[in-house]
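Structural overview for review
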Amino acid sequence: MILRRVIQHVKKQEWTAIAIDFMIVVLGVFVGIQVSNWNAERETRQRGAEFSQRLRADLKEEGWLYQFMIEYYSDVLAAAERSVDALTGKAPLSNHDLLVNAYRASQYRHGARRRSTYDELVSTGSLGLIKDQKLAGVAARTYRITTLENLVRESLESLYRQAFRMSIPNDVQRALARHCGDRPLKLGDYEGIADVQGYPCTLELPQDAIDAAATSLRSDPMMIRLLRLRIADLETRLGDLTSNNRDVFEGLRDIAMEGR
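Every value quoted in this text rests on a predicted model; they were computed, and no experiment measured them.

Moving on, we come to the overall build of the protein. When you go through the protein residue by residue, the secondary structure sums to 11 helices and 0 strands. Its helices and strands taken in sequence order, the protein reads α-α-α-α-α-α-α-α-α-α-α from the N to the C terminus. Counting over 260 residues, the protein shows a buried share of 40%. The contacts of the protein with a sequence gap of at least 6 include a subset with a gap of at least 24, amounting to 84%. Accessible surface, the protein: about 14600 Å² in total, of which carbon and sulfur atoms supply 55%.

The structure is reproduced here in structure tokens:
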């Protein structure tokens with residue numbers, strides 16, 4: 001329609017009308033471009049807000065997992081120290097309590113990392129959509145470190161864990177797992193963390209079975225050496241989590257505490 005009008009104006013040499021038509025066309029193109037840009041910016045802001053919300057939710061769960069792993073493996077470390085002190089005579093324990101602590105010193109727990117949002121941002125080159133620089137920084141540092149994975153792997157592959165399970169009869173191990181094993185815990189339950197492992201328990205086994213299993217531990221000199229190695233490894237990884245990566249620990253804690 002505009003083109004036909006321009007042609008008519010040209011034929012009649014109506015230059016003012018031609019100029020007006022030209023301005024209308026230019027203005028229309030300009031407005032169209034601006035509207036397109038505004039829509040693109042709005043969509044970008046919306047995507048950024050959605051990614052930020054998802055990333056914050058992931059990091060809140062990461063913060064809980066980080067806290068859980070620190071407290072859980074601190075309990076494992078304490079059980080290992082009580083066990084080695086009992087075996088060396090520094091702080092004697094009953095056969096029952098030695099078995100419980102020696103068993104708990106061999107335990108490990110893992111948790112699924114919540115990193116799908118961050119990995120999507122990285123793979124699509126969309127990290128710039130996260131405008132909250134503190135949030136982006138905590139995420140980058142959290143997902144860069146491998147301390148949690150190393151802690152779980154070393155615990156699962158621990159020579160002490162292998163030696164303990166080769167030394168103790170299977171019926172005793174089953175009783176330990178049933179009565180003194182790790183309690184289940186829901187994601188995000190901070191109050192329940194302390195009761196996952198360090199709770200009081202009683203083995204429902206004949207005393208002679210408890211004594212025989214404890215004697216097996218006490219008579220093997222390698223148990224002390226392997227417990228010392230277990231303690232050293234745990235102290236190293238817990239030091240990584242709480243000291244060497246303190247910025248990660250504090251950043252996750254701050255995010256996890258939001259809205260609590």
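Additional details are given in the paragraphs that follow.
For the pair helix 5 (residues 133-144) and helix 11 (residues 246-257), interaxial distance at closest approach is 9 Å and the crossing angle is 130°. Relative to helix 11, the element helix 5 lies oblique. With respect to the hand of their crossing, helix 5 and helix 11 are arranged in left-handed fashion. Between helix 5, through Lys134, Leu135, Val138, Arg141 and Thr142, and helix 11, the contact on the second element is made entirely by Asp247, Val248, Gly251, Leu252, Asp254 and Ile255.

Our focus in this paragraph is helix 5. For helix 5, with 12 residues, the first-to-last C-alpha span of 16 Å sits near the 16 Å given by 1.5 Å per residue. When helix 5 is considered as a whole, its buried residues turn out to be Leu135, Ala136, Gly137, Val138, Ala139, Thr142 and Tyr143. With a side-chain oxygen lying 3.1 Å from the backbone nitrogen of lysine 134, the N-terminal cap of helix 5 falls on aspartate 132.

Here the focus is the packing of aromatic side chains. Evaluation of the coordinates by the stated rule reveals 7 aromatic pairs. Ring plane angle 5° and centroid distance 5.4 Å describe the contact between tryptophan 64 and phenylalanine 68, whose orientation is recorded as stacked. Of this pair, tryptophan 64 and phenylalanine 68 are both found in helix 2 (residues 15-88), 4 residues apart, which corresponds to roughly one turn of the helix. Taking relative accessible area as the criterion, tryptophan 64 reaches 7% and is therefore assigned buried. In this structure, arginine 104 is placed above the aromatic ring of tyrosine 199, and the distance from its NZ or CZ to the ring centre is 4.7 Å. Looking at arginine 183, its charged tip hangs above the ring of tyrosine 199, at a distance of 3.7 Å from the centre.

Turning our attention to the pattern of salt bridges. The full count for this structure, using the stated rule, is 13 salt bridges. The residue arginine 109 makes a salt bridge to aspartate 182 at a minimum N-O spacing of 3.8 Å. A residue pair is termed long-range when its members are at least 10 positions apart, and arginine 109 in the loop between helix 3 (95-105) and helix 4 (116-123) and aspartate 182 in the loop between helix 8 (170-180) and helix 9 (207-218) qualify at 73 residues. Judged by its relative accessible area of 22%, aspartate 182 is partly exposed. Its salt-bridge partner being arginine 253, residue aspartate 254 comes within 4.0 Å of it at the nearest N-O pair. A relative accessible area of 35% places aspartate 254 in the partly exposed class.

Let us look at the state of the cysteines. Summed over all chains, the structure comprises 1 disulfide. Residue pairing for cysteine 180: its cysteine sulfur links by disulfide to cysteine 201, the two sulfurs lying 2.1 Å apart. The sign of the S-S torsion, about 100°, decides the handedness of the disulfide formed by cysteine 180 and cysteine 201: right-handed. In this pair, cysteine 180 is assigned in helix 8 and cysteine 201 in the loop between helix 8 and helix 9, connecting sequence segments 21 residues apart.

What follows concerns the nonpolar core. Among the nonpolar cores identified, the biggest contains 68 residues, and Leu55, Leu59, Tyr66, Phe68, Tyr73, Leu99 and Leu203 are the most heavily contacted of them. Among the elements that take part in this core, helix 2 stands out by supplying 18 residues, more than any other. Residue contacts for tyrosine 66: discarding those within four places in its chain leaves Ile145, Leu148, Leu241, Asn245, Val248, Phe249 and Leu252.

Put simply, helix 6 (residues 147-156) and helix 10 (residues 222-244) touch, their axes get as near as 10 Å, and they point 165° apart. On the basis of their axis angle, the class for helix 6 and helix 10 is roughly antiparallel. Of the two elements, helix 6 crosses helix 10, and the hand of that crossing is left-handed. On the side of helix 6, the interface is formed by Thr147, Leu148, Asn150, Leu151, Glu154 and Ser155, while helix 10 contributes Arg230, Asp233, Leu234, Arg237, Asp240 and Leu241.

Okay, the side chain of serine 126 next. Along the chain, serine 126 turns up in the loop between helix 4 and helix 5. Take serine 126: its relative accessible area is 7%, and that puts it in the buried class. A polar atom in the side chain of serine 126 sits 2.9 Å from the side chain of threonine 124. Aside from chain neighbours lying at most four places away, what touches serine 126 is Arg47 and Leu121.

Thresholds applied
- Residues numbered from 1 in each chain as written.
- Predicted model: local features only at pLDDT ≥ 70, side-chain atom pairs only at ≥ 80, totals over all residues.
- Heavy atoms only, no water.
- Helix = DSSP H or I, 4+ residues; strand = E, 2+ residues; numbered from the N terminus.
- Buried < 20%, exposed > 50% of the residue type's maximum accessible area, 1.4 Å probe, protein only.
- Contact = heavy atoms within 4.5 Å.
- Areas by Shrake-Rupley, 256 points an atom, 1.4 Å probe, with all protein chains shown as cover.
- Axes fitted to C-alpha atoms, helices over the stretch in contact; angles between N-to-C directions.
- Parallel < 35°, antiparallel > 145°, perpendicular 65-115°, else oblique.
- Left-handed = near helix turned anticlockwise from the far one by under 90°.
- Expected span 1.5 Å × (residues − 1).
- Polar contact = N/O pair within 3.5 Å; in protein donor to acceptor, adjacent residues only side chain to side chain.
- Phe/Tyr/Trp six-rings, centres within 6.5 Å; stacked < 30°, edge-to-face > 60°.
- Lys NZ or Arg CZ within 6 Å of the ring centre and 35° of its normal.
- Salt bridge = Lys/Arg side-chain N within 4 Å of Asp/Glu carboxyl O.
- Disulfide = S-S within 2.5 Å.
- Core = buried A, V, L, I, M, F, W, Y, C linked by side-chain atoms within 4.5 Å.

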